[in-house]
Structures are given as structure tokens and as C-alpha cells.
Number of protein chains: 2
Amino acid sequence: MADFPLSKEIILDKAEEVLRRFGPAKANLLDVARALNVSHAAIYKYYSSKTALRDAVTERWLDRITEPMNAIISLNLPPEVKLFQLVEHLIKSKQQSSLADPEMFATYATLASEAREVLELHLTHIVDLLTLTIEHGITAGTFNGIEPRETAQAILIATSRFHHPSHAQDWLNPEIHYSFNVVWNLLMKGLTQRS
Amino acid sequence: MADFPLSKEIILDKAEEVLRRFGPAKANLLDVARALNVSHAAIYKYYSSKTALRDAVTERWLDRITEPMNAIISLNLPPEVKLFQLVEHLIKSKQQSSLADPEMFATYATLASEAREVLELHLTHIVDLLTLTIEHGITAGTFNGIEPRETAQAILIATSRFHHPSHAQDWLNPEIHYSFNVVWNLLMKGLTQRS
């Protein structure tokens, strides 16, 4: 048995290692217990099912993406710059993660697609950040004639091509950055139009 | 041996049947020849490889999607209505095809992702139709301050969520139609902004 105290952090680190080695289809509680040299029951105290453990791995991955976005929100920047930086960060973190380790990125994407509730919370959090920024932009007179939350959702959906894991293959094409700029400029024209 | 004259049409019909039965990984020239009760050489006169046959199946499928779009282009409609109808047709034809037969839709999508050149031609054709409509809109004074072709590409990319086969699962959610309207309204605001 292991001679160190277990923690959620240690279990999640090992779970990522096991997922990396065996892929999303195979990795389970028993594999993680075995890799940590602890009993199934020891893991069970922290995560009561394979689903609970996978949800926690997914949540940690998604939180790593949104954490810098929480920091961007509190910067003193014009709203249109802040909005760009939020979406740019989302896109860059996904694209860099996929380029650095395509297999692990695909594994995370599979986990996320199965962890519906965790994914919904993550997306709602991003829409919250965009909504807040759009609201500031409306107050500042930069954005006009739009409903903030609806527009935040539309921006997230209209940029799917650049951050949704289904399109990871497209990110290998260097023209993707140019495409994003064209889509972004068109969306920003829509946000700033005077009615 | 078969007692009817072969044609490209007959071969493609049978190839679709074989793909439906065996899936995209397995169906090949020999399977199609067997299903038609003709020799491998008889098929070979029309399609010289498995890839050539698959490209032809893909092309026919994609042409069925764009054919009504060619008709929309020649209607006497305001440019913003025409632009909406073009993209709406693209979206509806994909979504209906996926809902009606999800497995066959997935098979076509796999073929299309492998037939890069055929797919590129299809996408270029759609961008051509959108570009033409945007040009008419600029001439008519409906659209402003945009570069037609670049904007056509941006519209196609920004609506990926609604027509790209990777998102077929999302189309089961009835809210997808509402999402499209919100994205579309934002894009149209961008197209009609006076500079």
C-alpha cells in the first residue's frame, strides 16, 4: 500500500496518467487504484464512481481553460478589447492544448462530451463572462442595439469552428487564424452598429 | 452476369446501398461489383479505383444539397432574403438528412472528410453563391462596408455549428433553430452596418 496520504489532487493527477496510457474507453477506478498502489476502497472515499472521477478530471481540465479568463475580466481594458481577449484565450488554449498533445486532447474532449452537466456549467460560465463584458460595452456606449446574454451565446456558437474540439483537425491549417479575424470583425460590426 | 447495361448512375446507386449495408470502412469496388452481379472489370471501366468511386458518391450527395441553392440564386428576391434562404437551405438539408438516416449521414460525412478535393469544390461553390448575393446586396445598398468573398466565407464558418456534420448531435436539440436565428441576426447587423 502507498506510504503517502491520498488527496483529490493526487488521484486526479494519476487518473490523467491512466487516461493518457489506456484511453478514455478503458480507464476506470480500479486502474487508478492499481497505479497508485492503493485499494479500490481508498479511491472510493473520494470518488464514488467511475463517472464521478471522470467528471472531476473533466472539470479540472475545463477550469484550467477558464481560469485565465476570470483574470482577463478584472483587467482595466476597453470592453471590445476584453471581449476579444476572452474569446482569443478560449481559442488559443484549446488549439495549443490540441497541438501539444492531440491524443490527450481527444481524450479530454470525449470525457467532456460525456460529462454533460460539467460541460454545461463550463459553457454557462463562459457565457456569463462574455455577457458581463457586453453589458459594460453597452453602458460605455461601445456596443449598441443588442441583448447581452443572447449575443454572448451567439458569439460562442459563431466561433465554434475555432474552439470546439470537433474541429481540431481544422486547427492544423495556418489559415484558421485569418478566418477567425474575418469572423470576429463581422461579429464586432454587428455589436457596434447604431440602431 | 447482369442482363442490363451498366451506367455511372446504376453503379452509384448500388455503391450507396453497399455503403449503407457495410459502412464506409468496408465497402469497396469488389463489393459493389458483387452486389450488381458484374465483374470487377465492368465497374473499373467507369471508376478506376475505390477512391474514384467514393469521390463520385460524395460528389452526388453534395450536389443534391447545392442544387436547390442554384435555383434560389435565380429567384427575384431582396438580397438579404436570398442570403438567408441560401444558408437556411444548406442547414435544413443537412439537418433533415441527418435526422432521417443518422447512420447514412455519418457515412456520407466520413466520405466527404476523405474526399478533400470534392469537398473543397463544394465549399467553393457555396461561397461563390453567397458572394454573388452579397455583391448584389452591396449594389442595392442593402449591405455596407464589407468585402463580399471574405464575408461569404465568414458566414459559412460562423454557421458551422448548424451545418457541419461534426455537430449532428447538437441538431437533436430543438433550441438549435433559435440559436441559428440569434447568430443570423448578429451577422446581418454586421452586413448592414453603415460605415
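Residue numbers here run from 1 along each chain, matching the order of that chain's written sequence. Chains and ligands are labelled by the order in which they are written, letters from A for the one and numbers from 1 for the other. Note on the predicted model: pLDDT of at least 70 is required for a residue's local features to be given, and 80 or more for side-chain atom pairs to be given and counted; whole-chain, interface and lining totals, by contrast, use all residues. Just so you know, side-chain values use all the structure's heavy atoms and leave hydrogens and water out.

An unreviewed UniProt entry lists chain A under the name TetR/AcrR family transcriptional regulator, from Paenibacillus psychroresistens.

Asker: Account for the UniProt feature "domain: HTH tetR-type" (unreviewed entry) in chain A, with residues named and values stated.
Answerer: Sequence positions flagged by UniProt for "domain: HTH tetR-type" (unreviewed entry) are, in local numbering, residues 5-65 of chain A. Secondary structure follows DSSP: runs of H or I at least 4 residues long count as helices, runs of E at least 2 residues long count as strands, and numbering of each begins at the N terminus. Here residues 5-65 of chain A runs as 72% helix and 0% strand, with 28 Å between its end C-alpha atoms. UniProt positions are given in the numbering used here, feature names are shortened, and annotations may be inferred rather than shown by experiment.

Asker: Can you break down the domain arrangement of chain A residue by residue, with the values?
Answerer: Residue and element names in this part refer to chain A. Each domain of chain A was delimited in the assignment, giving domain 1 (8-44) and domain 2 (57-192). Per the annotation, domain bounds derive from an automatic or database assignment of domains. Distance from the C-alpha centre of domain 1 to the C-alpha centre of domain 2: 30 Å. Contacts are assigned to residue pairs with any non-hydrogen atoms lying within 4.5 Å of each other. Listed by partner, the interface residues are eight residues for domain 1 and nine residues for domain 2. The quantity reported as buried area is the accessible area (1.4 Å probe) lost by two parts once they are put together, taken as the sum for both. Both faces combined, the contact of domain 1 with domain 2 buries some 850 Å², and carbon together with sulfur accounts for 58% of it.

Asker: Residue-level account of unusual backbone geometry, with values.
Answerer: Residue and element names in this part refer to chain A. The phi torsion at Asn37 lies on the positive side, around 60°, for a residue other than glycine. Within the secondary structure, Asn37 is located in the loop between α2 (29-36) and α3 (40-44). For Asn37, a relative accessible area of 46% gives the class partly exposed. Burial classification: accessible surface area is computed with a 1.4 Å probe over protein chains only, and a residue below 20% of its type maximum counts as buried, one above 50% as exposed, and the rest as partly exposed.

Asker: I'd like a rundown of the UniProt feature "DNA-binding region" (unreviewed entry) in chain A, residues and numbers included.
Answerer: As recorded in UniProt, the feature "DNA-binding region" (unreviewed entry) lies at residues 28-47 of chain A. Helix makes up 65% of residues 28-47 of chain A and strand makes up 0%, while its end C-alpha atoms are separated by 11 Å.

Asker: Got a sec to walk through the side chain of Gln95 of chain A? Specific residues and values, please.
Answerer: Its location among the elements puts Gln95 of chain A in helix α5 (residues 79-100). In this structure the side chain of Gln95 of chain A is engaged in a polar contact, spanning 3.1 Å, whose partner is the backbone oxygen of Phe162 of chain A. Think of a polar contact as two N or O atoms within 3.5 Å of one another; within protein, one of them needs to be a possible hydrogen donor and the other a possible acceptor, and neighboring residues in sequence only count if both atoms come from side chains.

Asker: Kindly report on the relation of the copies chain A and chain B, identifying the contributing residues and their values.
Answerer: Of the transformation superimposing chain A on chain B, the axial component is 0.0 Å and the angular component is 180°, with the fit at an RMSD of 0.0 Å. Within this description, the copies of the chain are treated as partners about a two-fold rotation axis. Same-surface contact between copies: 100% of interface residues of chain A are shared with the interface of chain B. Least-squares superposition of the copies uses the C-alpha atoms of those residues scoring a pLDDT of at least 70 in each of them.

Asker: Give me the lowdown on the interface of chain A and chain B, citing residues and values where you can.
Answerer: Taken residue by residue, the interface counts 26 residues in chain A and 26 residues in chain B. The contact between chain A and chain B buries some 2,300 Å² in all, and 62% of this surface belongs to carbon and sulfur atoms. Between Lys or Arg on one side and Asp or Glu on the other, a salt bridge is scored when a side-chain nitrogen of the former is within 4 Å of a carboxyl oxygen of the latter. Seen at the junction of chain A and chain B, the total is zero salt bridges. In this structure, the connection of chain A to chain B is made through eleven residue pairs in polar contact (both at pLDDT 80 or more). Mapped onto the side of chain A that touches chain B, the elements with two or more residues apiece are α8 (148-158), α9 (160-163) and α10 (176-192) of chain A.

Asker: Before we move on, can you summarise the nonpolar core with the specific residues and values?
Answerer: A general trend in soluble globular proteins is that nonpolar side chains are found buried together. One finds Leu83, Ile155 and Leu191 of chain A together with Leu83, Ile155 and Leu191 of chain B to be the most contacted residues of the largest nonpolar core, which totals 124 residues. Discounting chain neighbours no more than four positions away, the residues touching Leu83 of chain A are Leu130, Thr133, Ile134, Phe143, Ile155, Trp184, Met188 and Leu191 of chain A. Among buried residues, those of type Ala, Val, Leu, Ile, Met, Phe, Trp, Tyr and Cys that are joined through side-chain atoms within 4.5 Å constitute a nonpolar core.

Asker: Before we move on, could you go through the packing of aromatic side chains and cite the residues and values that matter?
Answerer: All names here are of chain A. Whether two aromatic rings pair depends on their centres lying within 6.5 Å, for rings of Phe, Tyr and Trp, where Trp uses its six-membered ring; planes under 30 degrees apart make the pair stacked, over 60 edge-to-face, and the rest tilted. In the structure shown here, the tally under the stated rule is 14 aromatic pairs over all chains. Ring geometry for Phe84 and Trp184: centres 5.7 Å apart, planes at 65°, overall edge-to-face. In this pair, Phe84 is assigned in helix α5 and Trp184 in helix α10, connecting sequence segments 100 residues apart. Judged by its relative accessible area of 23%, Phe84 falls in the partly exposed class.

Asker: So, the side chain of Thr66 of chain A: which residues are in play, and what are the values?
Answerer: With respect to the helices and strands, the residue Thr66 of chain A is situated in helix α4 (residues 50-73). What Thr66 of chain A contacts, discounting residues up to four positions off in sequence, is His122, His125 and Ile126 of chain A.

Asker: How would you sum up the pattern of salt bridges? Please name residues and give values.
Answerer: What the rule picks out here adds up to 26 salt bridges over all chains. A salt bridge links Arg161 of chain A to Asp170 of chain A, with the shortest nitrogen-to-oxygen separation between them at 2.8 Å. Asp170 of chain A gets classed as partly exposed once you look at its relative accessible area, which sits at 22%. Between Arg60 of chain B and Glu9 of chain B there is a salt bridge, and its shortest N-O distance comes to 3.1 Å. Of the two residues, Arg60 of chain B is situated in helix α4 (residues 50-73) and Glu9 of chain B in helix α1 (residues 8-22); the sequence distance between them amounts to 51 residues. With relative accessibility at 12%, the residue Arg60 of chain B sits in the buried group. By relative accessible area, which is 47% here, Glu9 of chain B ends up partly exposed. Residues joined by salt bridges that share partners form a network here, namely Glu9, Asp13, Glu16, Arg60 and Arg64 of chain A.

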